[in-house]
Amino acid sequence: SGAVEYIAAFDVSSMADAVDANPGDGVAADAGGDTTLRAAIIEANALAGPDTINLPAESYTLSITGSGEDSAATGDLDITDELTISGSGPAAAATVIDAAEIDRVLHVFDGVLFTISDLTITGGDAGTGRGGGLLNNGGVVEFSNAVIASNSASKGAGLQSSSGTVTLQGT
């Protein structure tokens, strides 16, 4: 028999930047029991199958420094499994993910379907790297009512797609 897919929806309840305390247990919670954006992404990556993260209208600022790892534990938010992140629209400016120039904001991996809607991606800084707001390394990225603004990188300050596809709707 094949692997069982666990499809989950996570409602973020904290604006803090903290990792998931127990990846793969089906619960996106930091050590204090709060569901942070980073904890939800780490948990979604650990579970096979499509997952959804719902963000209330707030600003989520990344603060855990460190680059070069690919599990979303530090720096950017690495997306390694099918995921949808939805802000609280209708205005994209109501929900913001801000990397505060510690790293790029989002990194999508090969073969991953990533959908993002009703939010703003800002403050990403990939330095001499690629994709300050979002780096797509072979995934399928779909934006709906999303804004990528005020990011920096040597290539693709807002968005860099080295392979894969990117679809923009109503941005």
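Above this text is the structure in question.
Residues numbered from 1 in each chain as written. Predicted model: local features only at pLDDT ≥ 70, side-chain atom pairs only at ≥ 80, totals over all residues. Heavy atoms only, no water.

(A) A look at unusual backbone geometry. Look at the link from Gly-89 to Pro-90: it is a cis peptide, with omega at 10°. Here Pro-90 lies in the loop between β5 (83–86) and β6 (96–98). Phi at Ala-72 takes a positive value of approximately 70°, unusual for a residue other than glycine. Looking at the element boundaries, Ala-72 is found in the loop between β3 (59–61) and β4 (77–79). Of note in the backbone geometry, Asp-118 takes a positive phi value of approximately 60° without being a glycine. With respect to the helices and strands, the residue Asp-118 is situated in strand β8 (residues 113–122). (Helix = DSSP H or I, 4+ residues; strand = E, 2+ residues; numbered from the N terminus.)

(B) Seen up close, the nonpolar core. Ranked by internal contacts, the top residues of the largest apolar core, which has 34 residues, are Leu-37, Ile-41, Ile-53, Leu-55, Ile-85, Leu-106 and Phe-114. For this core, the secondary-structure elements that each account for two or more residues are α1 (37–46), β4, β5, β7 (106–108), β8 and β9 (134–149). The biggest single contributor to this core is α1, with 5 residues. (Core = buried A, V, L, I, M, F, W, Y, C linked by side-chain atoms within 4.5 Å. Buried < 20%, exposed > 50% of the residue type's maximum accessible area, 1.4 Å probe, protein only.)

(C) Quick peek at the pairing of β8. Burial within β8 is extensive, with 8 of its 10 residues counted as buried. As judged from the 4 bridges shared by β5 and β8, these two strands associate in the parallel manner. Residue pairing for β8: Ser-86 is matched across the bridge by Ser-117. Inspection of the sheet shows β6 paired to β8 by 3 bridges, in the parallel sense. Looking at the pairing, Asp-98 lines up with Thr-122 of β8. Sheet topology note: the β8/β9 ladder contains 9 bridges and is parallel. Residue pairing in the sheet places Ile-121 in a bridge with Ile-148 of β9. (Pairing = 2+ DSSP bridges.)

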